[in-house]
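Observations on chain architecture
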Amino acid sequence: MKVLKFGGSSVANSENIKKVLDIVFNTSKNSKVAVVVSAFGKTTDKLLIGADEALEDITAAKDILETIKELHYQVIDNLISTSKKEVRKEVTYLFDRLLSIYEGVFLLQELSDKTISKVSSFGERLSSLIIANAAKEKFDAAHKESRDLLITNNEYLNAQVNFRLTNKNITSFFKENKHQVTVLGGFISANIDKETTTLGRGGSDFSASIYAAALNADELQIWTDVSGMFTANPSVVKQAYPISEISYEEAMELSHFGAKVLYPPTIQPSLRKGIPIRIKNTFEPESIGTLICSNPKNSDEVKGISHIENISLITLEGGGMIGIPGFSKRLFETLSQQKINVVFITQASSEHSICVGVYESDAKKAKELLDETFSIEIDRKKIKPILIENDLAIIAVVGDSMKNHQGLSGQMFSALGKNNVNIRAIAQGSSEKNISAVINKYDAKKALNILHEQFFEERTKQLNLFVTGVGNVGERFLAQLDQQKKFLKENLKLNIRVIGIANSRKMFFDNNGINLKNWKENLKNGEATTLDSFRKKVIESNHRNSVFIDNTANQQVSEVYEEYLRESISVVTCNKIACASSFDNYKNLKEVSKKYNASFLFETNVGAGLPIIDTLKNLINSGDQVHKIQAVLSGSLNFVFNNFDENLTFHNVVATAQKEGFTEPDPKIDLSGVDVARKILILARESGYQLELEDITNSSFLPEDSLKTTNNDHFYASLTKNEAHFQNIYKEANLKNCRLKYVAEFVDGKANVGLKHIAADHPFYNLEGSDNIVLFFTNRYPENPLIIKGAGAGADVTASGIFADVIRIANK
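Attention in this report is confined to the structure presented alongside it. (Residues numbered from 1 in each chain as written. Predicted model: local features only at pLDDT ≥ 70, side-chain atom pairs only at ≥ 80, totals over all residues. Heavy atoms only, no water.)

What follows is about the overall build of the protein. Helix and strand counts for the protein come out as 29 helices and 30 strands. For the protein, whose C-alpha radius of gyration is 37 Å, the value lies well above the compact-globule estimate of 28 Å for 812 residues. Once the C-alpha set of the protein is aligned to its principal axes, its extents read approximately 115 × 70 × 55 Å. Here the protein holds 812 residues, and 54% of them are scored as buried. Taking all contacts inside the protein whose residues are at least 6 apart in sequence as the whole, residues at least 24 apart take part in 72%. Accessible area for the protein stands at about 35900 Å²; split by element, carbon and sulfur atoms hold 47% of it. (Helix = DSSP H or I, 4+ residues; strand = E, 2+ residues; numbered from the N terminus. Rg over C-alpha atoms; globule rule 2.2 N^0.38 Å. Buried < 20%, exposed > 50% of the residue type's maximum accessible area, 1.4 Å probe, protein only. Contact = heavy atoms within 4.5 Å. Areas by Shrake-Rupley, 256 points an atom, 1.4 Å probe, with all protein chains shown as cover.)

Written as C-alpha cells, this is what we have:
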C-alpha cells in the first residue's frame, strides 16, 4: 500500500488533474493506492471569503460561489463522461447545501467556528468526489468520505485526532475495500457526533500521514509543485537544489523554520511508524524528489538553510531576574494562555535576560500582556519594561551531522559578519541539529545566499560589482571581465557579476547580473543618477560580497568611499585622490576598512597594473623597512619625454599621449607633477611614514602661465606659446648625453619630484615608452634595490590592475 497526497496546485484545473491521474495509475500497477487530495487550487480561501461576505452582502457571497461552481463543473465536463449526470447532481446538491449555509450566516449575522469548519470542508468534499469519478473513467477506483474515518475532538478548526478510533476505522475500511485506488479528501474530519471538523494548517498532509501510519504503508508520497525539499528557498537562492535524502528530524527543523513543502506536525504519525515520506513534483514526475526517512544516505553536515520573516524579538531583562525562579514560567504561561506562538527562545547564562521570538502580528499584544504580568517588577525597577524589536527574521542552518563537525557555527557567523549582517540573537539546541540566528529581515535574502554559498557552493564564490566610471579604463575593465568570465568560473571558481554601472549622467542595475555584451545600450536607457542615488541603490540591493569600483579621477566620488566601507562593501579604485588626501582621511579609510571587514584596494594608484603597492605591502608585512624609494611613476611623462625632440612640438607629443590614454582627462595633472607627487606620497604612506601632499617638494618644469590655465584648451594653447621653453629643456639634456625623466624620490621621510637629467649608466636611462620603474632600498635590499619595471600607463593595463584587485578580494 502506498499513500499519495496531492496539494491544491496539483489539482488546480483539468490539465493538472490529468497529470495526477496518470501518476496514480502508474503507481497502482504495482501497489494498492490511497489518494488524499486537497481542494482545487485556492478554493478553500474563496469559500471562506464568501462566508465573510455573507455577513454583509449575500449577493457578493453568491457571486463568489458562482465562480467556484464554474471551475468544478468545468472539470466535470472535461474529465467525466460515463457518470457525468450523476456527478453533476451530487455536486449541485453540495453547492445548494453551501448556499444554505451562506444564507444562514446572512440571516443570523453569525459566523461561528462550527460554521467556518463546515464551509471550509466543502473544498475537499467536492474535489475528492470529482477526482474519484474521473479516476473511475480510467481504472479501478472508489471514493470514500474522510469524515467517516478520521475522528477528532470537538475543536472545529484545529481538531485533535482520536487515533484509537481513527486507526480502527481506517484499518477496518481498507481491510474490506477491494478497489485498487481509493480517493479521500484531506483536511476534513468529524467528531463522534458526526459534526464536521477540520485539521487546521497542513491538514491535508496530516490526513495523508494518518492514513499512511494506520495502514503501515510502504511509502507516503506528497506531490506538490516543487521537486522536493531544497537546500534553501529556490525563489530566494537561485543556486538552491533538491536534497536527495533527509531525516525526519531534519525535515521538521527545516519546515519549522519556513520550508513550506511540509508543516512539521504532519510528519509525526509517519515518523512514529518509520514510514518513508517522499516529496515529489506533479509537473516533473520523473524527478527523484526528496526522501524523508530514518537513515538517509546523504551524510552532509548541513542539509539545508531556511528562514522565517516578519519576526519580533521580545526581551525580558533586569538584574532582579538573577537567581529568582519562575520568570520563564510566567513569561511562557502568559503567552501560551493567549495562544501566542513562540518560534525562538534564547537565554543568557547569567539569567539576566530572556529573548523570545514571536510573529510580528502578535508582538503588540504580547508586550501588553507581559507588561501587565510583570508590572510589579517593572514598577520596582527589578526588570526593565518589555522591549520589542520588529522587522526581524530568523535564519536556521540545519543538519543531523552538524554535531560531529567542529567550526560550523564559526563559519556561519564569520560569513555573515564579513557581509555586514548583524546578529541580534542566537540559539542552538543541545541536539545540535540546527543553529538559529535573528537578523534584520531586510538582510534575509543576502544572508541566505551567503550561507548557501558557504555550505553548498564552497567551490564557487560569487562577487557582485558596482562600477562607476565607464570611460577608457571602465570600458576596458568590463571587456576584460566579459572575456575572462568562463575562465574565472572554470579555473578560479569565481562567479563575478556586474550588478550596477554608472557614468556621470545615467545608471543601470540588474540584480541578476548585467549582460556585458550590451551594457552600453542598457546604460544609455538607464535612469538619471547622482552619487547619492547610486550609493543608495547599491546598499538597497544588499548583495553579498559586494565591491564598489571607481574608475574615475573625480574627487566627489572619492569622498563616498567611507560610506561604502561602513556597509561592508569593498572598494577598488584607480582614483588617487582619496589616498593622497589628508593623512587623517587616508588613515581613517584604512581603519574603517578593517573595522567593517571590507577591502580597500588601490593597486592602480601607482604603476597602473604593476604590482608595486602589493609588493611594498608584502615587504612591510614581513618585517622589512623602506629607507629610500627612487622611481619614474608617470607613464604619461615618460612617454612624452621619450618621444619629444627637436623634430616634434611639445604640444603634439602631449596631445598624442592623451589620445593614447596615457594621461589623466586633465593632462595638466600629469605634466604639473601633481600626479607623481600623489603617487610617491602613497608609497611613502604605505611604507609607514606620515606625510602630507604639501610636504613633497615639486619642482615643476611647466611655465607659470601653463600652471594657471583652467581648462584643456587654454592649457594646450600655453604649450604652443611656450614651445621654445620646452625645446631648451630638451637641448640642455641632449648636450649632456642625458635623457629627461620625471623622477620621484623618497629618502628618510622626505620626498621630492621633478624633471632630471639621467645619465646612460642609470637604471632609468633605458626606460622606454610609457613604462614605470620603482627602486626600493630597504633593510634587506640596502645596495642593490628591489626593482619593479613595466608598463605604467594606459587603459588596458590600468583595467587589468583593477581586475587584479577584484581577484585579490575574491581570494581573501
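That covers the picture; the talk isn't over yet.
Take the packing of helix 2 (residues 43-56) against helix 4 (residues 84-108) next. Helix-helix packing: each pair is described by the crossing angle between the helix axes and the interaxial distance. One way to put it is that helix 2 packs onto helix 4 with a least axis distance of 7 Å and a crossing angle of 35 degrees. Like other packed secondary-structure pairs, helix 2 and helix 4 cross with a definite hand, here right-handed. On helix 4, the residues that touch Lys46, Leu47, Gly50, Ala51, Ala54, Leu55 and Glu56 of helix 2 are Leu98, Tyr102, Val105 and Phe106. Its residues placed into classes, the contact of helix 2 with helix 4 shows 8 nonpolar, 1 polar and 2 charged. (Axes fitted to C-alpha atoms, helices over the stretch in contact; angles between N-to-C directions. Left-handed = near helix turned anticlockwise from the far one by under 90°. Nonpolar A, V, L, I, M, F, W, Y, C, P; charged D, E, K, R; others polar.)

In this section: the packing of aromatic side chains. Applying the stated rule across the entire model yields 26 aromatic pairs. Plain terms: the ring middles of Tyr73 and Phe95 are 6.2 Å apart, the flat faces sit at 55 degrees to each other, and that makes the pair tilted. On the criterion of sequence distance, the pair formed by Tyr73 in helix 3 (residues 58-79) and Phe95 in helix 4 is long-range, its members being 22 residues apart. When its relative accessible area of 15% is taken as the criterion, Tyr73 is described as buried. On the accessibility criterion, Phe95 (1% relative accessible area) is buried. (Phe/Tyr/Trp six-rings, centres within 6.5 Å; stacked < 30°, edge-to-face > 60°.)

Here we take up the sheet that holds strand 2 (residues 33-37). Pairing within the open sheet is mixed, and its 8 strands lie in the order 3-5-2-1-8-10-11-9. What marks the edges here is a single partner per strand, and that holds for strand 3 (141-144) and strand 9 (245-247). Within the sheet, the average angular offset between the axes of one strand and its neighbour, ignoring direction, is 20 degrees. Summarising the sheet, strand 9 and strand 11 (residues 290-293) pair through 3 bridges and their orientation is parallel. If you follow Ser247 over to strand 11, its bridge partner there is Cys293. Where helix 1 (residues 14-28) meets the sheet, its contacts fall on strand 1 (2-6), strand 2, strand 5 (181-185) and strand 8 (219-224), and the angle it forms with strand 1 comes to roughly 175 degrees. (Pairing = 2+ DSSP bridges.)

A cluster of nonpolar side chains, Phe106, Leu107 and Leu108, forms an exposed patch at the surface whose accessible area comes to about 350 Å². Tracing the sequence through the fold places Leu107 in helix 4. (Patch = residues over 30% accessible without salt bridge, like charges linked within 9 Å, V, L, I, M, F, W, Y side chains within 5 Å. Salt bridge = Lys/Arg side-chain N within 4 Å of Asp/Glu carboxyl O.)

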